[in-house]
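# Commentary on secondary and tertiary structure
For reference, the chains in residue letters:
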Amino acid sequence: MSWDQVWIDINVATMDANIQGAYGEIYQAAIAIKDGKIAWIGPRSDLPEFDVLATPVYRGKGGWITPGLIDAQTHLVFAGNCANEFEQHLQGATDAEIACAGGDITSIVNACRDADDVELFELGRQRLNALAREGVTTVEIKSGYGLNTETELKLLRVARELGEHHHIDVCTTFMGAHVIPPEYKDNADAYIDLVINDMLPAVIADNLADAIDVFSDNIAFNLEQMDQVLTATKRAGLQIKLHAEQLTNMDGSTLAPKLGAKSVDNTECLDEAGVKAISKSGTCATLLPGTYYFLRETQLPPIDLLRQYKVPMVIASDFNPVSSPICSTLLMLNMACTLFRLTPEEALQGVTINAAKALGINNHVGHLATGMQADFCLWDITTPAQLAYAYGVNPCQTVVKNGQVVALPR
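Since the structure is predicted, the reported quantities are computational estimates derived from the model, not experimental observations.

Conventions we followed
Residues numbered from 1 in each chain as written. Predicted model: local features only at pLDDT ≥ 70, side-chain atom pairs only at ≥ 80, totals over all residues. Heavy atoms only, no water. Axes fitted to C-alpha atoms, helices over the stretch in contact; angles between N-to-C directions. Helix = DSSP H or I, 4+ residues; strand = E, 2+ residues; numbered from the N terminus. Parallel < 35°, antiparallel > 145°, perpendicular 65-115°, else oblique. Left-handed = near helix turned anticlockwise from the far one by under 90°. Contact = heavy atoms within 4.5 Å. Nonpolar A, V, L, I, M, F, W, Y, C, P; charged D, E, K, R; others polar. UniProt positions renumbered as here; feature names shortened; annotations may be inferred. Polar contact = N/O pair within 3.5 Å; in protein donor to acceptor, adjacent residues only side chain to side chain. Buried < 20%, exposed > 50% of the residue type's maximum accessible area, 1.4 Å probe, protein only. Pairing = 2+ DSSP bridges. Right-handed = clockwise from strand over helix to strand, strands pointing away. Arc of directions from axis to C-beta. Core = buried A, V, L, I, M, F, W, Y, C linked by side-chain atoms within 4.5 Å. Domains from an automatic or database assignment.

Pairs of packed helices are described in terms of their axes, by the angle between the two and the distance that separates them. As a packed pair, helix α6 (residues 188-205) and helix α7 (residues 223-236) sit with axes 10 Å apart at the nearest point and diverge in direction by 15°. Judged on the interaxial angle alone, α7 and α6 are roughly parallel. When you trace α6 past α7, the crossing you get is right-handed. Across from A188, D189, I192, V195, I196, L200 and I204 in α6, the residues of α7 making contact are Q225, Q228, V229, A232, T233 and A236. Classifying every residue of the contact of α6 with α7 gives 9 nonpolar, 3 polar and 1 charged.

Okay, here's the thing in structure tokens:
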């Protein structure tokens, strides 16, 4: 056999549903890599003979290998922060009082509009580095804090550039229909027209997005407005995501079968009818424990219903400056278990195989099998459950991306 590298002295949590047992485990395993892909994986006792003198051999010292982690929902490219608003909330100020003073999302929108590409790129690079140190190899980045054509394009352009200059793969999502900007506060329909007829064509013309997302809720857009944007998206051939059922049940999840949405994100207020609808369409449900924690929400996602109807559950950080300023995928694993009562295996599925499904990239990443992209992490742990059990001491030892060992930023 002629391979580029071989890994031995490892245990592997493949997250491959075709392998029986928790995590798709292979104990005392080996992995062979050729041309950036997994050429062979299985028990080391079955490893074919190869030229050990001509092939680099990596020893995992008994550690565990998992697929590279995937954060399937972030707003990672932004400027500004809401630390002052955070403090004001804790001192008793209401949302209305803070909004009247120009705080929360308005301050972030203004900061993003004022920031140039260089500043946004450097901020994004630092955040990608933080995720990279925790074994993240793929991340989704949404726009949504520009709320005008120029700034939405700028945020997406920077996100694309980050993917070109960082070992982490970046999937971009256009979310111009995030909330209603101040200049359109009394005319949401006119803003939707801007999103459809000005922003969307420009995004497509410059190939800046892989998918489009819309936030439907009582503080954002109604179901009809969501349908207009996503129908235009479907005609354009981009993937569809729905940001729905977070604060209220607007019945946005029923659009999933109609539009072929990859995921419905947030889902705290998702009911059984909505769960049935997304189950039939194969749509994933994205759970955001960081948002639940930071906003001190009390409405839990319908975990038992999602299990009952076999809906793939995705775990994501939703890293953003307003509702989840938490740039840590590993912490999401712990929170998914402690707050939502997921099992450690379900949590790890949520940042690997299910996250890949939500981004439409599960044909080459998200689990480890022959022919898949060689994206994986070596962890200094004794069981995969340890990734969700403890937080604060990062057990990530080595990251392999496209078959290459990458230098993790300090």
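In the numbering used here, UniProt assigns the "binding site: 4-imidazolone-5-propanoate" (unreviewed entry) feature to Y145, H178, Q246 and S323. Other than its neighbours up to four places away in sequence, H178 contacts H75, I105, G144, Y145, L147, F215, A220 and F221. A distance of 2.9 Å separates a polar side-chain atom of H178 from the backbone oxygen of G144. Note on placement: S323 falls in the loop between β13 (313-315) and α12 (329-338). Owing to a relative accessible area of 14%, S323 belongs among the buried residues under this scheme. Sequence-distant contacts of S323, that is, excluding residues within four places in its chain, are made with G290, T291, F294, L295 and D318.

With that settled, the discussion passes to the pairing of strand β10 (residues 239-244). Of all the 6 residues making up β10, 5 are buried; the element is thus mostly covered by neighbouring parts of the structure. Bridge analysis of strand β9 (residues 211-216) against β10 gives 6 bridges, and the strand direction is parallel. Of the residues in β10, the one forming a bridge with I212 is I240.

Of all 6 residues that make up β9, 6 are buried, and the element is covered over most of its length. By the alternation rule, side chains of β9 split into A211, D213 and F215 and I212, V214 and S216, which are all buried. Where strand β8 (residues 169-177) and β9 come together, 3 bridges link them in parallel fashion. When the bridges of β9 are listed, T173 appears paired with A211. Traced from β8 through α6 to β9, the parallel crossover comes out right-handed.

With respect to the secondary-structure elements, N18 resides in the loop between β1 (5-13) and β2 (25-34). Among the residues examined, N18 registers a relative accessible area of 71% and is labelled exposed. With 351 residues separating them in the primary sequence, N18 and A369 have C-alpha atoms 9.5 Å apart.

For the rest of this paragraph, the subject is helix α3 (residues 105-114). Along α3, the residues classified as buried are I108, V109 and C112. Angular distribution of buried residues about the axis of α3 spans 100°; they occupy a single face of the element. Residues of α3 that are buried in the fold lie against α5 (149-165).

Generally speaking, nonpolar side chains in soluble globular proteins are found buried as a group. Counting 99 residues, the largest nonpolar core has V77, F174 and L306 as its most contacted members. If you tally residues by element for this core, the top one is α6, at 8 residues. Per-domain counts for this core show at least three residues from each of domain 1 (5-68 + 367-406) and domain 2 (69-359).

So, about the environment of L47. Tracing the backbone shows L47 in the loop between β3 (37-43) and β4 (57-59). For L47 and A32, which are 15 residues apart along the polypeptide, the C-alpha to C-alpha distance reads 8.8 Å. When near neighbours in sequence (up to four residues on either side) are disregarded, L47 contacts W3, V6, I8, A30 and W40.

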